[in-house]
Amino acid sequence: MALYLVATVSPAVATTAPPAPAPQPPAAMLEALQRDLGLTAEQAVQRLANEHRAAASESALTRELGAKYGGAWLNGDASQLSVATTDASAAAAIKAKGAQPVVVSRSLADLEAVKAKLDGASAEAKAGASLWYVDVTTNSVVILTGDQAAGEALAAAAGVDKGVVKVTLSAEKPEPFIDIIGGNAYYIGGSRCSIGFSVWRGSTPGFVTAGHCGRAGNATTSPSGTFQGSSFPGNDYAWVATPGHTPRPWVRGSGGANVVVRGSTQASVGSSICRSGSTTGWRCGTIQQHNASVTYAQGTVSGLTRTSACAQPGDSGGSFISGNQAQGVTSGGSGNCSIGGTTYHQPVNEILSAYGLTLVTG
């Protein structure tokens, strides 16, 4: 059983030279700490100073304790630093660095070895758990899961000591935060299309794309989202809501560089125009006509803009941009990027109006 001996940090008892003063934090950081942690300006400055001292103490004790080191942590307001060790005789050394000792039965290396076994379990065994981590505060490895049996099955499959692992029920289900960038790929089941432009609908982030890529209710991956509206044929536009992801005012340009979107003023016939898609990347041409009607096998789509920029399957839905002004999303065309071709896009302003969306601009 761990013995917890916690008290307020007292840097004055340190027998070694104190660490260098904490650097002056940027004003933006102080403002964010006050907003997100509910601190006053004075409390934010004091917290950062406490953390600076604690980091120096932890670094020194990690080296000094070696294999006996069990991890370290700060309390809620960062005024107390605790350092765990498997050797009770190390308590004096810990106190000498201004920290407080916690005697535990397992070292940090022991805990990390258990976690490594969980990491090495089969994908099938890991599928039922949301996440797992070393928890130095309880001297254990924690598995978070929505299904107790699934968490226990992971521990069993990994062959770890049940006394070290804690299975905890949780609704937490992490997913990657993907930047929404025009021209990047997304997936609808076994199909791939391209992101047009980042948008907001109220407080919901998302992107516009081609309507033939999916129907309302269809799910997307990488980024994860759901088609909220789709029109095809007649039109060829859609929008996808992507909660939890970050919409960016960018289109992926030549060599992967990002072009900043500043607005959506329609360019004149004869203007240069470039498109970005997940198959052929960045391709350019000129605007030939506005308001073209194109008949596909599925039906006629009206109100398209015809361009001399080439495209290929998978580029559907991707961005058309002239200068820094968003123009539309790729619908279809003829030819390819080996022999050249003609490509049509659905004007972006019509999509924004149809669904009450706001274009994300830089």
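Please refer to the structure placed before this passage.
Residues numbered from 1 in each chain as written. Predicted model: local features only at pLDDT ≥ 70, side-chain atom pairs only at ≥ 80, totals over all residues. Heavy atoms only, no water.

A. Here's a closer look at the side chain of Thr 305. Secondary-structure assignment places Thr 305 in strand E20 (residues 299-307). Side-chain polar atoms of Thr 305 contact the side chain of His 290, separated by 3.0 Å. When residues no more than four places from it in sequence are discounted, the contact partners of Thr 305 are Ile 287, Gln 289, His 290, Thr 343, Tyr 344, His 345 and Pro 347. (Helix = DSSP H or I, 4+ residues; strand = E, 2+ residues; numbered from the N terminus. Polar contact = N/O pair within 3.5 Å; in protein donor to acceptor, adjacent residues only side chain to side chain. Contact = heavy atoms within 4.5 Å.)

B. The arrangement of helix H7 (residues 348-355) in detail. When H7 is considered as a whole, its buried residues turn out to be Val 348, Ile 351, Leu 352 and Tyr 355. Each buried residue of H7 lies within a common arc of 100° when the element is viewed along its axis, so the set occupies one face. Positioned one or two residues after H7, Gly 356 has a phi angle of 65°, which is positive. (Buried < 20%, exposed > 50% of the residue type's maximum accessible area, 1.4 Å probe, protein only. Arc of directions from axis to C-beta.)

C. Up close: the side chain of Asp 135. Tracing the backbone shows Asp 135 in strand E5 (residues 131-135). Buried within the structure, Asp 135 lacks any salt-bridge partner; its nearest side chain of opposite charge belongs to Lys 166, at an N-O separation of 6.3 Å. A distance of 3.0 Å separates the side chain of Asp 135 from the side chain of Thr 138, its partner in a polar contact. (Lys, Arg positive; Asp, Glu negative; His and termini not counted. Salt bridge = Lys/Arg side-chain N within 4 Å of Asp/Glu carboxyl O.)

D. Expanded view of the environment of Thr 85. The topology assignment puts Thr 85 in strand E3 (residues 81-85). Sequence separation between Thr 85 and Leu 108 is 23 residues; the distance between their C-alpha atoms is 8.7 Å.

E. Fine view of the pairing of strand E14 (residues 225-231). In this sheet, E14 lies alongside strand E13 (residues 219-220) in antiparallel orientation, the contact comprising 2 bridges. Note that in E14 the partner of Ala 219 across the bridge is Thr 226. Here E13 folds back onto E14, and the loop between the two strands holds 4 residues, one of which, Ser 222, carries a positive phi near 50°. In this structure, E14 lies alongside strand E15 (residues 237-241), joined through 5 bridges in antiparallel fashion. By the bridge assignment, Thr 226 is partnered in E15 with Ala 241. Hairpin remark: E14 followed by E15, antiparallel, with 5 residues in the connecting loop; positive phi at Gly 234, about 90°. (Pairing = 2+ DSSP bridges.)

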